[in-house]
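Letter by letter, the chains look like this.
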Amino acid sequence: MLSPEEIIEYSKRLGISFARAFPPGLLIPQERVRGYCRENKCGSYNRNYSCPPSIGTLEEIRERLGQFQQGIILQYSQPAVIEKGNRELQKTKIDFHLKILKLEEFLKKTGAENVMGMPGGSCGLCRTCRAVESRPCRHPGRMRFSLEAAGIDVLGLLAQLGMDNRFYPDKINWTGCVLY
Ligand code: SF4
């Protein structure tokens with residue numbers, strides 16, 4: 001099994017901006033955060049398979065997160081104008097998702113049996129999620145849900161870890177993690 005330092009080193013080679021080890025026990029799904037999803041200001045609630053309610057109850061997510069002993073939190077920063085519908089911004093989200101899938105693969109190849117990546121935001125692998133038409137997910141093996149969707153207070157988590165949790169008008173800071 002690789003050391004966290006080796007995983008962090010590989011993350012950097014993938015182009016991840018920042019990575020550090022953290023205990024997965026800090027990931028606490030909260031009803032308050034799930035409530036923000038229900039408010040549906042982003043429009044993805046019940047319209048994306050990587051978002052609630054499709055990803056299960058907070059209790060189910062707690063059980064899933066409880067399987068992991070180690071984690072690496074990841075940030076991917078890219079210049080982007082932060083506005084809804086910006087295709088460049090959407091591309092940075094997909095890039096981050098794909099980098100996390102590569103990191104998962106790397107961990108599996110190097111001996112980790114149980115690995116789960118969590119990218120940022122709702123899954124953007126398809127232009128329109130098939131959940132909108134109640135058709136099966138197009139890439140069920142590649143779809144992942146985010147920390148936010150799992151009910152995690154991401155800003156609070158970043159503050160706890162002494163990481164940048166500010167918003168910028170001209171830069172996106174996607175946050176995710178890989179658990180193993
Ligand atoms: S892979 Fe496509 S259908 Fe599946 S959750 Fe992502 S956007 Fe939706």
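Up top you'll find the structure we're talking about.
Keep in mind that what you see is a predicted model, and the values were worked out from it rather than measured.

A closer look at the site of the ligand
Next up, step 1: Around the ligand, the structure places 13 residues, and the nearest of them are Tyr49, Cys123, Cys126, Cys129 and Cys137.
Next up, step 2: Here the residues of the shell around the ligand are counted per class, giving eight nonpolar, three polar and two charged.

Looking at helix α4 (residues 87-109)
Next up, step 1: For α4, built from 23 residues, the straight-helix expectation of 33 Å at 1.5 Å per residue is met to within 8% by its first-to-last C-alpha distance of 33 Å.
Next up, step 2: Where α4 is concerned, the buried positions are Thr92, Lys93, Phe96, His97, Lys99, Ile100, Leu103 and Leu107.
Next up, step 3: Where α4 is buried, its residues touch α1 (4-14), β2 (71-79), β3 (116-118) and β4 (171-179).
Next up, step 4: Once α4 ends, the next one or two residues include glycine 111, with phi positive near 115°.

A word on the environment of glutamine 70
Next up, step 1: The residue glutamine 70 is located in the loop between α3 (58-65) and β2 in this model.
Next up, step 2: Since 16 C-beta atoms lie within 10 Å of it, glutamine 70 is described here as partly exposed.
Next up, step 3: Here the alpha-carbon distance between glutamine 70 and phenylalanine 22, two residues 48 residues apart in the chain, equals 6.9 Å.
Next up, step 4: When neighbours within four sequence positions are excluded, glutamine 70 is seen to be in contact with Pro4, Ala21, Pro24 and Tyr180.

Considering the pairing of β2
Next up, step 1: Bridge analysis of strand β1 (residues 18-22) against β2 gives five bridges, and the strand direction is antiparallel. Residue pairing across strands places arginine 20 opposite isoleucine 73, the latter belonging to β2.

Brief notes about the pairing of β4
Next up, step 1: By the criterion of burial, β4 is predominantly enclosed, with eight of the nine residues buried.
Next up, step 2: As judged from the nine bridges shared by β2 and β4, these two strands associate in the antiparallel manner. Residue pairing across strands places glutamine 75 opposite threonine 175, the latter belonging to β4.
Next up, step 3: Examined bridge by bridge, β3 and β4 share three bridges and lie antiparallel to one another. Counterpart to methionine 118 in the pairing with β4 is cysteine 177.

Examining the nonpolar core
Next up, step 1: With 31 residues, the main nonpolar core has Ile72, Leu74, Ala149, Ala150, Cys177 and Val178 as its most contacted residues.
Next up, step 2: Going through the elements one at a time, α2 (31-39), α3, β2, α4 and β4 are the ones with two or more residues in this core.
Next up, step 3: When residues in this core are grouped by element, the largest group, five residues, is from β4.
Next up, step 4: If we ignore the near neighbours within four places in the chain, the residues touching leucine 74 are Ser11, Ile16, Ala19, Ile100, Gly176, Cys177 and Val178.

The rules behind each value
Residues numbered from 1 in each chain as written. Predicted model: local features only at pLDDT ≥ 70, side-chain atom pairs only at ≥ 80, totals over all residues. Near = placed C-beta within 6 Å. Nonpolar A, V, L, I, M, F, W, Y, C, P; charged D, E, K, R; others polar. Helix = DSSP H or I, 4+ residues; strand = E, 2+ residues; numbered from the N terminus. Expected span 1.5 Å × (residues − 1). Buried ≥ 20, exposed ≤ 12 C-beta atoms within 10 Å, placed from the backbone. Contact = placed C-beta atoms within 7 Å. Pairing = 2+ DSSP bridges. Core = buried A, V, L, I, M, F, W, Y, C linked by C-beta atoms within 7 Å.

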